[in-house]
Amino acid sequence: MSDSRVWSYSAVLMGSPILLKLFSHDEALASRVFSLIKQYEDLLTVNRADSQVMDINHAAGRHPVVVSRPVYELIKCAKAASLLPDSAFNLAIGPLVKLWRIGFKGDSVPAADEIAARLRITRPQDVILDDAAASVFLAQPGMEIDLGAIAKGFIADRVRDYLYQQGVSEGLINLGGNVQTLGAPQGGWSIGVKKPFAAAEALVGSIEVVNKSVVTSGTYERYFEQDGKLWHHILDPRSGYPLSNELDSVTVISTDSLDGDIWTTLLFGLGVEKGCALLRQRQDIEAIFVSKNREITLSSRRQFRFTPLDASYRLTD
Ligand code: ADP
Ligand code: MG
Ligand code: MG
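A short tour of the structure in this document, coming up. None of these values were measured; they are calculated from a predicted model.

Attention now moves to the overall build of the chain. Check the secondary structure of the chain and you find seven helices and 17 strands. Its C-alpha radius of gyration of 19 Å places the chain within 12% of the 20 Å reference for a compact globule of 317 residues. Put simply, of all contacts in the chain between residues at least 6 apart along the chain, 57% involve residues at least 24 apart. As displayed, the chain offers around 14,200 Å² of accessible surface, 51% of which is attributable to carbon and sulfur atoms. Here the chain contributes 33 positive and 37 negative side-chain charges, whose respective centroids are spaced 1 Å apart.

Shown next, in the form of structure tokens:
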């Protein structure tokens, strides 16, 4: 939004451009927010050898690992989401993510028997939790937890809590795909919904929210092309292949960004029709589906206002 009272601070963390907007000039607060993000990234990353999550992975098939409470609670929540009936979300997807290497050097379609072998070590039931000890044990050798789909949401929520605690009542944090907002400057925060496979600034619409998280997951974020097909980074834990349906992206509006992260993946797995049906039972989660055939479907619009911005897309709610 263009408001002369807004101060923007940026950094690159978790491999993404991070943007913080505040209504006061407070360099010190911004740098405390960025260190908080970095602190959590250090606990949760699987892109380096030495995080708490990697400690769990290194001990797979051997012994439980005690982790800090917030990491334990996040893993517990991720396991519960993975065990929902027919869930497309799976916290133990690590071996498949590593096999596909989507978005990294050398990505190509793996052999079917390799995919089948990895599927056998991605069972969420084999993530064994001990509440009293706050320990996590991966029961099969080779298992790997991957929190890549939810780390940003979890961290965005921690930043929101920290800002409130610091007396900030209006602000925004964008962790690259995960936006969490505080308050309602000029009646609401305006957040763009990206146009799939277009220039970074191109939008299919924008939404206005107050005190909400807005999370988008899109096939266009990371992918490679082979054999005339597009292979993207959101994998179907049931087949071991990228989720394949009518969708280009799903945007979820919720209070907590962690819910937004989990639901974008669940809804990607369900598709538009089943996704909307499930959301009718949820007051707190709303979604914007953008389909390959250029349709935009809103599950409802209780928590946001939507403005279409691209005439080549049709709104179908
Ligand atoms: P984005 O990278 O656009 O934020 P997501 O939030 O959906 O997209 O996160 C994608 C990442 O989540 C992948 O790179 C991988 O690390 C992990 N992942 C892929 N498929 C799944 C899945 N089915 N369940 C849980 N995590 C997944
Ligand atoms: Mg994400
Ligand atoms: Mg997601």
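This model, assessed by the stated rule, comprises 16 salt bridges. Among the salt bridges present, the one from Arg123 reaches Asp126, with a minimum N-O distance of 3.1 Å. Close ionic contact of Asp161 with Arg158 constitutes a salt bridge, the shortest N to O distance being 3.0 Å. Taken together, the residues Asp161 and Arg158, both in helix H6 (residues 151–165) and three residues apart, mark about one turn of the helix. Since its relative accessible area comes to 32%, Asp161 is described here as partly exposed. The class for Arg158 is partly exposed, based on a relative accessible area of 23%. Within this structure, Arg158, Arg160, Asp161 and Asp256 form a network of salt bridges that share partners.

Attention now goes to the coordination of the magnesium ion (ligand 3). Protein coordination of the magnesium ion (ligand 3) is provided by Asp261 (O) and Thr264 (OG1), with donor distances spanning 2.3 to 2.7 Å. Between the magnesium ion (ligand 3) and the magnesium ion (ligand 2) the interatomic distance comes to 4.8 Å. On the criterion of helical spacing, the pair formed by Asp261 and Thr264 is a turn pair, its members being three residues apart in helix H7 (residues 257–279). Accessibility expressed as a relative area gives 0% for Thr264, which makes it buried.

Counted as a void, the second largest pocket has a volume near 260 Å³. Lining the second largest pocket are 13 residues, with Leu84, Pro85, Trp263, Leu266 and Leu278 sitting closest to its centre. The residue inventory of the lining of the second largest pocket, partitioned by class, reads eight nonpolar, two polar and three charged. Among the domains, domain 1 (7–35 + 150–315) and domain 2 (52–138) are the pair contributing at least three residues each to the lining of the second largest pocket.

Around ligand 1 sit 15 residues in total, of which Ala88, Asn90, Asp146, Ser217 and Leu235 are the nearest. Between ligand 1 and Asp146 there is a distance of 2.8 Å, counted from an oxygen atom to a side-chain nitrogen or oxygen. Burial of ligand 1 by the protein amounts to 92% of the accessible area it has alone, namely 570 Å². In terms of residue class, the shell around ligand 1 is made up of eight nonpolar, four polar and three charged. Shared between two domains, the shell around ligand 1 holds at least three residues of each, these being domain 1 (7–35 + 150–315) and domain 2 (52–138).

Evaluation of the coordinates by the stated rule reveals seven aromatic pairs. Centroid distance Trp100 to Phe224: 6.4 Å. Interplanar angle 40°. Geometry classified as tilted. Of this pair, Trp100 sits in helix H4 (residues 94–100) while Phe224 sits in strand S11 (residues 223–226), placing them 124 residues apart in sequence. Take Trp100 and Phe224: they sit in the same class, and that class is buried. Taken together, a centroid distance of 5.5 Å and an interplanar angle of 70° make the contact between Phe197 and Tyr223 edge-to-face. In this pair, Phe197 is assigned in the loop between strand S8 (189–194) and strand S9 (203–209) and Tyr223 in strand S11, connecting sequence segments 26 residues apart. The exposure class of Tyr223 is partly exposed, given its relative accessible area of 31%. Ring-pair connections join several aromatic residues into one group, and the members of that group are Trp100, Phe224, Trp231 and Tyr241. Geometry around Phe154 places Arg158 over its ring, the cationic atom sitting 4.9 Å from the centre. Between Lys229 and the ring centre of Trp231, over which it is positioned, the NZ or CZ distance is 4.7 Å.

This part is about unusual backbone geometry. Located in the positive-phi region is Arg101, a residue other than glycine, with phi close to 55°. Secondary-structure assignment places Arg101 in the loop between H4 and helix H5 (112–119). Given a relative accessible area of 37%, Arg101 falls into the partly exposed group. Residues other than glycine seldom take positive phi values, yet Ala134 does so here, at roughly 55°. Within the fold, Ala134 resides in the loop between strand S4 (127–130) and strand S5 (135–138). Judged by its relative accessible area of 5%, Ala134 falls in the buried class.

Basis of the calculations
Every chain begins its residue count from 1, and numbering advances along the sequence as written. All chains are assigned letters beginning at A, and all ligands numbers beginning at 1, according to the order in which they are written. Note on the predicted model: pLDDT of at least 70 is required for a residue's local features to be given, and 80 or more for side-chain atom pairs to be given and counted; whole-chain, interface and lining totals, by contrast, use all residues. Excluding hydrogens and water, the side-chain figures rest on all heavy atoms present in the structure. Each helix is a run of DSSP H or I of at least 4 residues and each strand a run of E of at least 2, with the numbering of both proceeding from the N terminus. All radius of gyration figures rest on C-alpha atoms, and the globule criterion is 2.2 Å times the number of residues raised to 0.38. Whether two residues are in contact is decided by their heavy atoms, any of which lying within 4.5 Å being enough. Accessibility throughout is a Shrake-Rupley quantity obtained with a 1.4 Å probe, and a residue counts as covered only by protein chains that appear here. A residue counts as positive if it is Lys or Arg and as negative if it is Asp or Glu; His and the chain ends are not included. All charge positions are set by atom: Lys at NZ, Arg at CZ, Asp at CG, Glu at CD. We count a salt bridge whenever a side-chain nitrogen from Lys or Arg sits within 4 Å of a carboxyl oxygen from Asp or Glu. For every residue, the accessible area (1.4 Å probe, protein chains only) is compared with the maximum for its type, and the residue is labelled buried under 20%, exposed over 50%, or partly exposed between those bounds. A 2.8 Å cut-off from the metal defines N, O and S donors, relaxed to 3.2 Å for Na, K and Ca; water is not in the atom list, so some sites may appear incomplete. A 1.4 Å probe that fits but cannot get out identifies a cavity on a 1 Å grid over protein atoms alone, an open set with protein on both sides within 12 Å along at least five of seven lines counts as a pocket, and a residue lines either if it has an atom within 4 Å of a point. Grid points are joined across faces, edges and corners, and a volume is the space filled by probe spheres set on the points. Amino acids are sorted into nonpolar (Ala, Val, Leu, Ile, Met, Phe, Trp, Tyr, Cys and Pro), charged (Asp, Glu, Lys and Arg) and polar (every other residue, Gly among them). Segmentation of the chain into domains, including their bounds, is taken from an automatic or database domain assignment. Any residue with a non-hydrogen atom lying within 4 Å of a molecule or strand is treated as near it. Contacts described as polar in this section are N or O atom pairs within 3.5 Å, which, within protein, must combine one atom able to donate a hydrogen with one able to accept it, while residues neighboring in sequence count only if both atoms come from side chains. Pairing of aromatic rings covers Phe, Tyr and Trp, the last counted by its six-membered ring, and requires centre-to-centre distances within 6.5 Å; plane angles under 30 degrees mean stacked, over 60 mean edge-to-face, and any other angle means tilted. In this scheme, the term charge over a ring applies when either NZ of a lysine or CZ of an arginine sits within 6 Å of the ring centre and within 35 degrees of the ring normal.

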